[in-house]
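# Observations on chain architecture
This is what each chain is made of:
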There are 2 protein chains.
Amino acid sequence: MPEIKLQHILTMVQLLSKGARHNFVEVTTADLGRNIGRSQQAASKHLLDLEMAGYIERVRRGQKFAVRVTDKGNTEIQSLFASLKSALESAPAAIDFEGSVVSGMGEGAYYMSLEGYKKQFLEKLGYEPYPGTLNVRLTDPVYMNARRELGRHPSIFLEGFSDGTRTYGWVKCYRASINDGAMENAAVLVLERTHYDDSMLEVIAPVSIKDAVGIKNGDRIKVQVRIDNNNSPHQMP
Amino acid sequence: MPEIKLQHILTMVQLLSKGARHNFVEVTTADLGRNIGRSQQAASKHLLDLEMAGYIERVRRGQKFAVRVTDKGNTEIQSLFASLKSALESAPAAIDFEGSVVSGMGEGAYYMSLEGYKKQFLEKLGYEPYPGTLNVRLTDPVYMNARRELGRHPSIFLEGFSDGTRTYGWVKCYRASINDGAMENAAVLVLERTHYDDSMLEVIAPVSIKDAVGIKNGDRIKVQVRIDNNNSPHQMP
DNA sequence: ATTACTAGCTTCCGAGTAC
DNA sequence: TGTACTCGGAAGCTAGTAA
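Residues numbered from 1 in each chain as written. Chains lettered and ligands numbered in written order. Predicted model: local features only at pLDDT ≥ 70, side-chain atom pairs only at ≥ 80, totals over all residues. Heavy atoms only, no water.

Put simply, the rule reads: UniProt positions are given in the numbering used here, feature names are shortened, and annotations may be inferred rather than shown by experiment.
For chain A, an unreviewed UniProt entry supplies the name Riboflavin kinase and the organism Candidatus Nitrososphaera evergladensis SR1. Here chain A is described in UniProt, under the heading Catalytic activity (unreviewed entry), as follows: "riboflavin + CTP = CDP + FMN + H(+)". Taken directly from UniProt, the Sequence similarities (unreviewed entry) text for chain A runs: "Belongs to the archaeal riboflavin kinase family."

Structure, rendered in C-alpha cells:
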C-alpha cells in the first residue's frame, strides 16, 4: 500500500528522529548523507525527491535548509511501518510435521506415567496425558531437520527427578494440534535422553489420539507444533 | 547497524508472514514477485541474493523450492525493525518557537481571570494561572506558520461558557517550557476568537514568567510546546 | 508448470564541480 | 561553508527465453 520508495525510508526516519515532524529542523545534506550511509549528493537527491512527492517541506535558512516532514509524509512512513509490523506480528509461529503413525506405546507410556512427570504435566500442561505416547515416524528430511531443532524453542519445561534408584531427565513440551485441528490440545515431547532419533515425534494428549481422530498404525498424520509464547513458563538449555 | 539491503526487506517480510520463520514453505518466485510488487525475475534474484547472504535456506521440492528464513536472517530483519521503531518512537514531539517578549498583559489577563476559565485551568492544567498572559511576538515566518497550525494538535481543552450577557470561546492549552527548561510548567494558549494574529503566542504559568526566568519586554525568549500525548484529555475541532 | 540466465533499460549513487 | 548540477558507473529491474 505505501507509495514511498524504499531508498527514502532511512532518510525519512532520520528526519523524524531529529524532530522534523513538528518543527523545521536544520539538516545539512552532508550530515544527512552520513547518517543514512550515503553520499552528500545522494542525500540531496533524496530531499529533492521527497519534496517533489510532497513528503517534506523545506525553507531556506540563510545558506542551509530547514526541513519538516509533512502530514502526508508522516502518514506514509507510519503506514509503511504499520504494515510491516502487522506482517511480522501476524507471522504464524508454528512448525508443521508430517509422518506416519507407528506402534510404540511401550517405553514412552511407562515413563510418562511416573508420578514425577504426571504431576508436572497436570500442573504445567493442564492435564494428565492419556497413558502412552503416540509415535510419528518422519520421513521427509525437511521434517527430520525441524525435529532436530525443535528443542531450541521456548517450551513448557518439566524438571527431571530421581526416585532414589535412578534419575529421569527433563522433558520439554510443545502444544500441538493434530490433522489441521482435528485435535487441538495435544503436545509434542522432547526428552533429554532421546537424542538418538530425529525421525521420531512423540505426541501426548488427554485422551487417546488414535481413537479421538480415528487413525491407526501406518496412517499419515499431520502435527502442527505451536511455538508462540504460550509455551514458556520456564526456559532452559 | 542492519546489513540487509533495503530492496530485500519486503521479500523477507513476505516470507516471514507466510510462516517461513519456522517451516520451509513453498513459495513460487512468481507469487513472491506479485506480492512484493516486482517481477518474477526480481523475486528470483532476491532469493538468490538472500540465500547467498545466509538469510534464507532453500530446499528443492520437486520443481519448486521450499524456503525458510534462517536465524541470521530473522535477526537481521528484527534488528532493522527495532532500530526503525526506536528511531520513530524517540522522535521528540515538541514544537519550538522563538520570539520577543512584548507587553500585553491587558486583555488576556482579564479573560483568563474569569471564573469560567479559572476553575477549568485548575482542574485540567493543575494550577490557576498567574494573572496575565505573557505575549511573545514571533517574527520568523517559520514560527508564524507553526503558530497557525498549532491548534490542530491534541490539546488540553477548556470549554467555552456564557455568563448570561455574552459568550466566551473555548481555549486550547499546550504544556510548554521556557528558555530550554528555565521554566517547565508553562502553557501556551490557543483561543477560539483570536484567529487574527499568527505572530503572537500567549503563554501562562502558575507564577510570573517574567520574574521567574528574569526577562523583560523586548528580550528574546524560547518557548517549546510539547505535543506528546500528555495533552489530550479531550480532543476537539 | 517451475527457476534463473541474458540483454537492455532505468534508477541510484558517488565524484567532481558550479554556484 | 552550503546545495545541487552533470556524468560515468554500479545496482536493480523487466522482458525474453533456456532448461
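Okay, back to it.
## Brief notes about the overall build of chain A
Our working definition: Numbering of helices and strands runs from the N terminus, with a helix taken as a DSSP run of H or I at least four residues long and a strand as a DSSP run of E at least two residues long. The reference for a compact globule is 2.2 Å times residues^0.38; the radius of gyration itself is calculated from the C-alpha atoms. Only protein chains enter the accessibility calculation, which uses a 1.4 Å probe. A residue is then buried if its area is under 20% of the maximum for its type, exposed if over 50%, and partly exposed in between. Contact between two residues is taken to exist if any of their heavy atoms lie within 4.5 Å; hydrogens are not considered. Here the Shrake-Rupley method, with its probe set to 1.4 Å, supplies the accessible areas, and only the displayed protein chains count as covering residues. When charges are counted, neither His nor the chain ends are considered; positive counts come from Lys and Arg and negative counts from Asp and Glu. Here the site of a charge means NZ on Lys, CZ on Arg, CG on Asp, or CD on Glu.
Along chain A, the regular secondary structure elements total eight helices and twelve strands. Taking 18 Å as the expected radius of gyration for a compact globule of 237 residues, we find that chain A reaches 28 Å, considerably beyond that expectation. With the C-alpha coordinates aligned to their principal axes, the bounding extent of chain A is approximately 85 × 40 × 30 Å. In chain A, which comprises 237 residues, the proportion classed as buried is 49%. Partitioning the intrachain contacts of chain A with sequence separation of at least 6 by distance along the chain shows that 67% fall at a separation of at least 24. On chain A, roughly 11500 Å² of surface is accessible, and the fraction owed to carbon and sulfur atoms is 50%. Across chain A, the mean location of the 29 positive side-chain charges is 8 Å away from that of the 28 negative side-chain charges.

## As for the packing of helix 1 (residues 9-17) of chain A against helix 2 (residues 29-36) of chain A
Residues and elements named next belong to chain A. Keep this limit in mind: Angles run from 0 to 180 degrees between N-to-C directions of axes, and those axes are lines fitted to C-alpha atoms, restricted for helices to the stretch in contact. If an angle is under 35 degrees, it is roughly parallel; if it is over 145, roughly antiparallel; if it lies from 65 to 115, roughly perpendicular; otherwise it is oblique. Left-handed describes a crossing whose near helix is turned anticlockwise from the far helix by less than a right angle; the clockwise case is right-handed. For this classification, the nonpolar set comprises Ala, Val, Leu, Ile, Met, Phe, Trp, Tyr, Cys and Pro, the charged set comprises Asp, Glu, Lys and Arg, and every other residue, Gly included, is treated as polar.
Their axes nearest at 10 Å, the elements helix 1 and helix 2 cross at an angle of 115°. Classified by the interaxial angle, the pair formed by helix 1 and helix 2 is roughly perpendicular. Handedness of the crossing formed by helix 1 with helix 2: right-handed. When helix 1 is examined against helix 2, the residues Leu10, Thr11, Gln14 and Leu15 are found in contact with a partner set consisting of Leu32, Asn35 and Ile36. A breakdown of the residues in the contact of helix 1 with helix 2 according to their chemical character gives four nonpolar, three polar and no charged.

## What to know about the sheet that holds strand 1 (residues 25-26) of chain B
Backbone-to-backbone hydrogen bonds pair the strands of a sheet. The strands run either parallel or antiparallel. Residues and elements named next belong to chain B. Quick reminder of the rule: Strand pairing follows a simple DSSP-based rule, namely that at least 2 bridges must link the two strands.
Across the sheet, three strands lie side by side as 1-3-2; this open sheet has antiparallel pairing. Whereas interior strands pair on both sides, the edge strands pair on one side only; in this sheet they are strand 1 and strand 2 (56-61). Summarising the sheet, strand 1 and strand 3 (residues 64-69) pair through two bridges and their orientation is antiparallel. Bridge pairing in strand 3 places Glu26 opposite Ala66. Contacting strand 2 and strand 3, helix 1 (residues 9-17) crosses the sheet at an angle of about 95° to strand 3.

## Digging into the side chain of His46 of chain A
As for its position among the elements, His46 of chain A is in helix 3 (residues 40-52). In this structure His46 of chain A comes out as buried when scored by relative accessible area, which is 6%.

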